[in-house]
Each structure stands twice: as structure tokens, then as C-alpha cells.
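# Observations on the three-dimensional arrangement
Now for the letters of each chain:
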Amino acid sequence: MSFNVAAVRWQFPILSEIIDGQPVHYLDNGASAQTPDVVLDAVRAYETTGRANVLRGVHRLAERATEAYENARIEVATFLGVAPLEVVFTGGCTAAINLVAYSYGALLKPGDRILLSELEHHSNIVPWQLLRSRTGIELDMIPVTVEGRIDLDALPRLLTPRTRLISLAHVSNVTGALLDIRAVVALAKTIGAKVMLDGAQRAPHGPLDLPALGVDFYAFAGHKAYGPNGVGVLWAKAELLEAMPPFHGGGSMIGRVTFAETTFAPPPRRFEAGTPPIGQAIGLGAACKWMRGLDWTAAHAHEMALVQRLMDGLQKIDGTQILGPASLQSRYPVVSFMLDGVHPHDVAQTLDSFGVAVRAGHHCCQPLMDRFDIDGTTRVSMAPYNDNTDIDALLGGVQHAARTLR
Ligand code: ALA
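Everything numeric in this text was worked out from a predicted model, so none of it was measured. (Residues numbered from 1 in each chain as written. Predicted model: local features only at pLDDT ≥ 70, side-chain atom pairs only at ≥ 80, totals over all residues. Heavy atoms only, no water.)

## Structural notes on the nonpolar core
Counting 79 residues, the largest nonpolar core has L80, F220 and Y226 as its most contacted members. Among the elements that line this core, the one with the most residues is helix 10 (residues 278-292), at nine residues. A domain split of this core shows at least three residues from each of domain 1 (5-31 + 295-404) and domain 2 (39-292). In this structure L80 touches L208, D209, L210, P211, F220, V233 and W235, once residues within four positions along its chain are discounted. (Core = buried A, V, L, I, M, F, W, Y, C linked by side-chain atoms within 4.5 Å. Buried < 20%, exposed > 50% of the residue type's maximum accessible area, 1.4 Å probe, protein only. Helix = DSSP H or I, 4+ residues; strand = E, 2+ residues; numbered from the N terminus. Domains from an automatic or database assignment. Contact = heavy atoms within 4.5 Å.)

## A few points about the domain arrangement of the protein
Segmentation of the protein into domains returns domain 1 (5-31 + 295-404) and domain 2 (39-292). The C-alpha-based centres of domain 1 and domain 2 are spaced at 28 Å. With 36 residues of domain 1 at the interface, the matching set in domain 2 holds 32 residues. Of the roughly 2700 Å² buried between domain 1 and domain 2 on both sides combined, carbon and sulfur atoms contribute 60%. Taken as a group, W296, Y332 and R371 account for 26% of the area that domain 1 buries against domain 2, more than any other trio of residues on that side. Inspection of the domain 1/domain 2 interface yields one salt bridge. Linking E118 and R371 is a salt bridge whose minimum nitrogen-to-oxygen distance equals 3.9 Å. At the surface where domain 1 touches domain 2, the tally comes to 19 residue pairs in polar contact (both at pLDDT 80 or more). (Buried area = accessible area lost by both parts, 1.4 Å probe. Salt bridge = Lys/Arg side-chain N within 4 Å of Asp/Glu carboxyl O. Polar contact = N/O pair within 3.5 Å; in protein donor to acceptor, adjacent residues only side chain to side chain.)

## Examining the packing of aromatic side chains
Under the definition given, this model contains nine aromatic pairs. For the pair Y69 and F89, a centre-to-centre distance of 5.3 Å together with 45 degrees between the ring planes defines the contact as tilted. Of this pair, Y69 sits in helix 3 (residues 60-80) while F89 sits in strand 4 (residues 87-90); the two residues are 20 residues apart in sequence, bridging distant segments of the chain. Here the two residues Y69 and F89 agree in accessibility, since each one is buried. Summarising the aromatic geometry, the rings of Y104 and F217 are spaced 5.3 Å apart at their centres and angled 65 degrees between planes, so their arrangement reads as edge-to-face. Placement of Y104 in the loop between helix 4 (93-103) and strand 5 (113-117) and of F217 in strand 9 (residues 217-221) is noted, with a sequence separation of 113 residues between them. Like Y104, the residue F217 is buried in the burial classification. (Phe/Tyr/Trp six-rings, centres within 6.5 Å; stacked < 30°, edge-to-face > 60°.)

## Section: the site of the ligand
Every residue near the ligand is listed here: G30, A31, H121, N173, Q201, K224, R359 and R379. Here a nitrogen atom of the ligand and a side-chain polar atom of H121 are 2.8 Å apart. At 3.1 Å, a side-chain N or O of K224 approaches a nitrogen atom of the ligand. Bound to the protein, the ligand loses 85% of the 220 Å² it would expose on its own. Broken down by class, the residue content of the shell around the ligand amounts to one nonpolar, four polar and three charged. Counting residues domain by domain, the shell around the ligand receives three or more from each of domain 1 (5-31 + 295-404) and domain 2 (39-292). (Near = heavy atom within 4 Å. Areas by Shrake-Rupley, 256 points an atom, 1.4 Å probe, with all protein chains shown as cover. Nonpolar A, V, L, I, M, F, W, Y, C, P; charged D, E, K, R; others polar.)

What follows is the structure in C-alpha cells.
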């Protein structure tokens, strides 16, 4: 199966730049991916030929802006395999999870339980802790296996008749492990619990069919999925959005306002108070369309070949240890590793001197670092535009760090 990585790379202007005299080996896609020309063009078209507010004006620019914004919603919905009216634009993935924690959380009662896992990003822990302080719900936590997967064998004993929601990372931003959603959904159904996925690290790797997965809520970020910053998506089943009270109040989300009482607009507008991130949403729509145009069978095979090359190379460097599944099965192209005796920040700084961008530290997953009793890892997170030269530059940098920093 062949994948024309050069044809993908040339669509991303930053990848042909020389920055401070070095080529760009961008392997920090888990924190923020790069943006292709089609996304930049869509944002520029909005800014230069249709910039106005949405859902308010009657002039032609307002109508253009509204049409482009609603078309972006359709693009996102098509990418997720869902209905456009179930797609809410938010400020990011974190904002989407906070929306659910606040709004769906308002429907919960003291003593109701929410089940998370030990590998969750702080954005899928802290909003629930805030909800716990407000309402008296309880939190439970699924442990993580030695290879960095959510331990689904532990799930049955953690489910209780009061478990209302299970909220988990679709793909871990540290270990790259892919969740077995069907197993989670099947168990959740036995007690009538809802399932929410934090899709931040999965959405950038191709279209989804959320109804087939059987989940109830899905969140992801625009900037990790080749779109602009400052936009994200919450998808939820229509009947859930319908039942949920507003999160933020303001313009656009109302039916009728008087000082005595306000009625609210139906979803998704009920959850999009104020002026939304219009250009960003339009860019994200273009990014979703761009992703749908890619052959993901080939792209995923390409990404996983990079993972194999990376893992093989790391294993040849004395004192490296990978945190995450050793096989390519049920994993995505995020690889964390430790280099004995060298702090991950020092590894990352050495790599930067080789023109290689990675993230190092706790990756906003301190409970997972506690689980493995480590301060942090160096994390390599890949996208379809990465190639062997990126991996080889990284391996050269790690070898250098191993030689010079110990
Ligand atoms: N959540 C992003 C990451 O894992 C920022 O790097």
C-alpha cells in the first residue's frame, strides 16, 4: 500500500520553511497540528470576502458569513457521521468537556457517579472535580495497565447502579493506546450509563462514524485536527442536547428575553452564546473536508510504519524505555519514551537543536505520571505529513542526548 507523503507535505506551507537555518521536523502534533493551504484559504476567504457576524444581520456579508458558518457545521457533522444540529461549536476540546460537565452535570444528583480513567488528560478530570464540588457527585477511576491502556478488565467492578457517565480518552495523548469503545459501550448499556469520548487525539487521524460506535458525547479540538486555534466541537445525541440546560448565557442562545424570564433557543444555538469563533469554525470545516479527502487506510499504515521505525530506533539506543503499547495493534501514532538519567525537558531541548519539535513533561496527565512514578516523558506525536526524515532526525537527536547528557 503506497502513500504519497510528499503530496501531503506540500499542502502544508510550514513544512517547507527553513526556520533558524533548520528544516522543520514537526513531531508535536498531539499538542497542535499544522494547517494546510485549504484551511488557510477558507479562513482568508471569510476574512476578505465575507467577514461579518453570524445569525444576526440581514446584509449580504452577514448572510455569507452565516452560510459559511453553517456549512462548516455540515462539514464537521459529515466527518463525524452525525446530524448537523447535533454539532456544537465551542472554544476547544476543553471547552466542550466543560460544557458537558456543567450542563449535563446539572441534571445529575448528589451521589450519582462518573467514571474516568487514570490516563485522562487534566481536561477530562478537572471539570468533573469542579462538578463534584458544586453538586456532590462522586468520581471513580479505571486503572491503567503496565502497557499504558485503560484496564477494561477492571471496568465491571467499578460500575455501580449510580454510574451515570463514563468519560474516557478515545486515544491516549501519552501512550497512543486506542480505547476498545465497543467493550465500554456494551458494559455502560447494562446499567444505562452514558459514554463520552475525549477525541482530541483520535479526530486528527480520520473520519468517524459516531452512531456506529454507540457513544453519547464526543469532543475534539480544531487546532489538533489541522484547523485553527480557538475552536472545538461537542457532539451529543439530539435528545441529550435537548434535555441539557444552557452553559453560557448571552446573545444568540435565547428564544425571548424579558426581565421576568428568558426562554432558550433549541440546540445547537442554545450552547453557542455570544459571537462564536466564526473564521475558526469555517477553517475547521475546511480541515474536516480535507481529512475526508485523504485515503486513511494508506495514511494510517504510513503513520504506523513511522511508529515502527521510531520504536525500532529507540530500542537500539541504550537506556531508552517506551511508555505505551509495544505492538502496533490498537494504537495511534503517539509514542512516549524515557531516556535513563536524562530529564525529558533536556531531551526535548536537545531535539530542538536538531530542528525536531516534540513535547516533554507530564502532558497534562499528572495522575498517569504518578501511576508510573515518573516526572514525565518525551512524546513524539505524528501526522500523515511526517516522513522517515523526521523520525531519523529525531533518532539522531536522541542518540546525541544519550551520548552527551549522561
Ligand atoms: N492536550 C495537548 C497535548 O497532549 C495539549 O499536548
